[in-house]
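Observations on the model geometry
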Amino acid sequence: MGRAGLLLRLAWRNLWRNARRTVILLLAVTLGVAAMVFAAAFSRGMVVAMVDDAIDHLPGHVQIHAPGYRDDPAAEHRFPYPQGRLRAVLDGPLVAAWAARVRVPVVVASEYDTAGVTLLGVEPRREAALAYLGRASVDGRPLADANDAGLLIGRRLAERLDTVRGRRVVITAQGADGALADRGFRVVGLFRSPWSSEEKGIALTGLATAQRLLRLPGEVNEVAVRAADPERLEALVAALRAAAPELEVADWRTLSPLTHAGQQLYSQFTWVWYLVVFLGMAFGLVNTLLMAVLERTREFGLFLALGMRPRWILGQVWFEALLVLVLGLAAGNGLALALARALGEVDVSAFAAGAELAGLAQRIPLIIHGGDLALANGLVLALGLAAALYPAWRAARLAPVRALRRN
Amino acid sequence: MDALVTLRAVTKTYRQGEVDVPALRGVDLDIAAGEFVCLSGPSGSGKTTLLNLIGGLDTPSGGHIQVAGRDLARLSPGERAELRLRHIGFVFQAYNLIPVLSAQENVELVMELQGVGAAERHARARAILAEVGLAGLEGRRPAALSGGQQQRVAVARAIVSAPDLVLADEPTANLDSENGRRLLEIMRRLNGERGVTFVISTHDPEVMAFARRLIRLHDGRIQADERRDGPP
Ligand SMILES: Nc1ncnc2c1ncn2[C@@H]1O[C@H](COP(=O)(O)OP(=O)(O)O)[C@@H](O)[C@H]1O
Ligand SMILES: [Mg+2]
């Protein structure tokens, strides 16, 4: 400890011999680390926004279906409204919100035109807590409850059908028993969605109304679940599977593979960014240390003459790198955290032409994640110290006489 | 008496580009513990080379060197550093001190490397600095000390941990005669009172006058080796 203390003291003082150079180096490390942490926060925010968006638009984090439904989303692939053990898990601590739905393809016809859409029989109160459509702004009136017999359709579907609020449309569908069913609905409201596919392709009515139409009393096609902790989906999926072994339970990564791929892409971008920033930083660090070692060659010769072992000389230079890295990391993290806190989120709508298509959100929250922080800091520290070994080794390898002759 | 330093047929040839520069051409020498040896000779005669070889800062081209019973050729660079740390003090002509350390810290440096505890270090460093006439200047960095004061700090550092041997390469060359004499008197006193062995290179006649043993080098060979009794 005594010797480490000595080396640390020497390193600290040597650092401030050329204060200007050290400040520049510190600035580079600070900005580099800040750039890494900020990029990680942005990237994570992007992913979270993307996933949230995807989750919000109907799937939820986890969905439950009857076997066969995902290949053939027909009314006959149905299961009882959640009860017993399944209901216990859904109402338990792992779940933030859930909703049971009837969800089938139907044909909707106005006086002028017909369109194939997805009919959702919903419990409005539950949907509001779960998905965007449950909260979407409605021109007209929203659905009141599961017994509501009105129909809510997207604004663009209304345009397509050339119908307006208050008019009647007819919905034709295949019931659970295989027989065709149809029924007239009054269009009580038009909803808006940032996703045009929703505005064009979805019609909503009360759950009980849909069950009567399709002849599946007390049954549903889908339960969508929003997890209490999105980081721990596995536990939720396992609990649901255990509670309903006869049903199919899948999380969003299976249901929305594109979103999942996007998430991975962003994490790869972050790594490339880390690499670029780190290489710049390491280059500056190694160069500065080499310069410092060259300038102090005679001094190292003196240390050797006094009996300092080569590896303590190595330690001396290495401690200088350590100090720069620790100071730079502290400042860089501080800067990134302050910036992230001040900004809160980044509005990318100006750049996000086609964002909807790519499934991107327009306001990206900046999320500082403990794991990201630890990774960026650990990476810079470990690799920075590894890079500093080279100049330190150069100093330690000096032959004492040759170093002493240098004036 | 066993020799503290033994050189046998030591040669050193530097290579400068295509040319071989012989610096030592076969030196045999024994130095006993407690001696006060002056190494004289014109510039280029090989004084610095000889001191560096004895201190293990450089390796000979031929021959054998033993210091404190250890054959230097058998030691790794780390072990040679350890030998210097435990047994040898150095004083160079100039730039002897670590610029970022105060006088006191420079003196403590060697003890710190040896692992001496802080309290003992402080006490010994203060005492030795007082002994070389630098009481009150302990906290100054080298840049704030005169050339003579810096050399005294270097001598204090060289002897503070009671080494067997102090090698001083033209320690007074950059000092005026007043400061030079003062430094020599300090070294003589330490030699007399503590029995530290000194080997001092110089071409200054005033320094030679202090020596009990005067070795003259010429062209890399020992030309004369005289012992004198009881100089001033
Ligand atoms: N590193 C070196 N490379 C080449 N020649 C050297 C080197 N060091 C010393 N010499 C030569 O060796 C001889 C002895 O040098 P040195 O030991 O420094 O003598 P002194 O200290 O007595 O002046 C000189 O001729 C000098 O030029
Ligand atoms: Mg010389």
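Here's a quick rundown of the structure. None of the values given here were measured: they were computed from a predicted structure.

**Overview of the sheet that holds strand S5 (residues 70-71) of chain B**
- As summarised here, the arrangement of the four strands in space is S2-S1-S4-S5 (chain B), forming an open sheet in which the pairing is antiparallel. Bordering the open sheet on either side are strand S2 (19-32) and S5 of chain B, each of which pairs with just one other strand.

**Quick word on empty space enclosed by the protein**
- Per the counting criterion, the structure on display carries two cavities of 30 Å³ or more.
- Within this model, the largest cavity holds a volume of roughly 60 Å³.
- Along the walls of the largest cavity sit Ala-305 and Leu-306 of chain A together with Arg-84, Leu-85, Ile-88, Gly-89, Phe-90, Val-110, Arg-157, Ala-158 and Ser-161 of chain B, which together make up its complete lining.
- Counting only elements with at least two residues in the lining of the largest cavity, the list comes to helix H2 (77-87), strand S6 (88-91) and helix H5 (147-159) of chain B.
- Across the lining of the largest cavity, the residue classes tally to seven nonpolar, two polar and two charged.
- Of the voids in this model, the second largest cavity is the one considered here, and its volume is about 30 Å³.
- Along its surface, the second largest cavity is lined by Val-29, Phe-278, Met-281, Ala-282, Leu-285, Leu-325, Val-380 and Gly-384 of chain A.
- Broken down by element, the lining of the second largest cavity gets its largest block of residues, four residues, from helix H11 (residues 257-295) of chain A.
- Here the residues of the lining of the second largest cavity are counted per class, giving seven nonpolar, one polar and no charged.

**What about the interface of chain B and chain A?**
- Counting residues at the interface gives 33 residues for chain B and 25 residues for chain A.
- Overall, the association of chain B and chain A removes approximately 2,400 Å² of surface from exposure, summing both partners, and the carbon and sulfur fraction of that is 62%.
- Considering only the side of chain B, the residues that lose the most area to chain A are Val-100, Glu-112 and Leu-113 of chain B, jointly responsible for 24% of the buried surface there.
- Where chain B packs against chain A, one counts four salt bridges.
- Sorting the residues of the side of chain B that touches chain A by element identifies helix H1 (47-54), H2 and helix H3 (103-114) of chain B as the ones contributing at least two each.
- At seven residues, the largest contribution of residues to the side of chain B that touches chain A is made by H2 of chain B.
- The residue inventory of the side of chain B that touches chain A, partitioned by class, reads 16 nonpolar, eight polar and nine charged.

**Considering the site of ligand 1**
- Surveying the vicinity of ligand 1 reveals 13 residues, the closest of which are Gly-44, Gly-46, Lys-47, Thr-48 and Thr-49 of chain B.
- Close to ligand 1, residues of chains A and B are found.
- Residue Gly-44 of chain B places a main-chain N or O atom 2.7 Å away from an oxygen atom belonging to ligand 1.
- With respect to ligand 1, the backbone of Lys-47 of chain B contributes an N or O atom lying 2.9 Å from an oxygen atom.
- For ligand 1, the accessible surface in isolation is 560 Å², of which the surrounding protein chains cover 74%.
- When residues of the shell around ligand 1 are traced back to their parent elements, those giving at least two are strand S1 (3-16), S2 and H1 of chain B.
- With three residues, H1 of chain B is the single largest residue contributor to the shell around ligand 1.
- Along the lines of polarity and charge, the residues of the shell around ligand 1 split into four nonpolar, seven polar and two charged.

**Concerning the packing of aromatic side chains**
All names here are of chain A.
- The tally for this structure, following the rule as stated, stands at seven aromatic pairs over all chains.
- Geometrically, the ring pair formed by Tyr-266 and Phe-269 is edge-to-face, given 6.0 Å between the ring centres and 70 degrees between the ring planes. Taken together, the positions of Tyr-266 and Phe-269, both in helix H11 and three residues apart, correspond to about one turn of that helix.
- A residue is classified by how much of its surface remains accessible, and Tyr-266, at 16% relative accessible area, is buried.
- Look at Trp-271 and Tyr-274: their rings are 5.9 Å apart centre to centre, the planes differ by 65 degrees, and that puts the pair in the edge-to-face class. Of the two residues, Trp-271 and Tyr-274 are both situated in helix H11; the distance of three residues between them amounts to about one turn of the helix.
- We classify Trp-271 as partly exposed; its relative accessible area is 42%.
- Just above the ring of Phe-185 sits the side chain of Arg-183; from NZ or CZ to the centre is 4.9 Å.

About the criteria used
- Every chain is numbered independently, its residues counted from 1 as its sequence is written.
- Key to labels: chains lettered from A, ligands numbered from 1, both in the order written.
- Only residues with pLDDT of 70 or above have their local features reported here, since the model is predicted, and side-chain atom pairs are shown and tallied only from 80 upward, although totals for entire chains, interfaces and linings are computed over all residues.
- Computation of side-chain values: all heavy atoms of the structure, hydrogens and water removed.
- Any two strands between which DSSP finds at least two bridges are classified as paired.
- Counting from the N terminus, the helices are DSSP H or I runs at least four residues long and the strands are E runs at least two residues long.
- Buried and open spaces are told apart on a 1 Å grid over the protein atoms alone, a cavity being a set of points where a 1.4 Å probe fits but cannot get out and a pocket being an open set with protein on both sides within 12 Å along at least five of seven lines. Residues with an atom within 4 Å of a point are the lining residues.
- Grid points are joined across faces, edges and corners, and a volume is the space filled by probe spheres set on the points.
- Residues are sorted three ways: Asp, Glu, Lys and Arg are charged, Ala, Val, Leu, Ile, Met, Phe, Trp, Tyr, Cys and Pro are nonpolar, and all the rest, Gly among them, are polar.
- The criterion used for residue contact is that any of the two residues' heavy atoms lie within 4.5 Å.
- As used here, buried area is the combined drop in accessible area, with a 1.4 Å probe, of two parts when they are placed together.
- Criterion for a salt bridge: a side-chain nitrogen of Lys or Arg within 4 Å of a carboxyl oxygen of Asp or Glu.
- We call a residue near a given molecule or strand whenever any one of its heavy atoms falls within 4 Å of it.
- In the analysis that follows, any N or O atom pair within 3.5 Å is treated as a polar contact, provided that within protein one partner can donate a hydrogen and the other can accept it, and provided that, for residues neighboring in sequence, both atoms belong to side chains.
- The accessible surface values rely on the Shrake-Rupley method and a 1.4 Å probe; as for residues, cover is taken only from the protein chains in view.
- Side-chain rings of Phe, Tyr and Trp (the six-membered ring for Trp) are treated as a pair once their centres are within 6.5 Å; stacked means planes under 30 degrees apart, edge-to-face means over 60, and tilted covers the remaining angles.
- Accessibility here uses a 1.4 Å probe with only protein chains present; expressed as a share of the type maximum, an area under 20% marks a residue as buried, one over 50% as exposed, and anything in between as partly exposed.
- Whether a charge lies above a ring is judged from NZ of Lys or CZ of Arg, which has to be within 6 Å of the ring centre and within 35 degrees of the ring normal.

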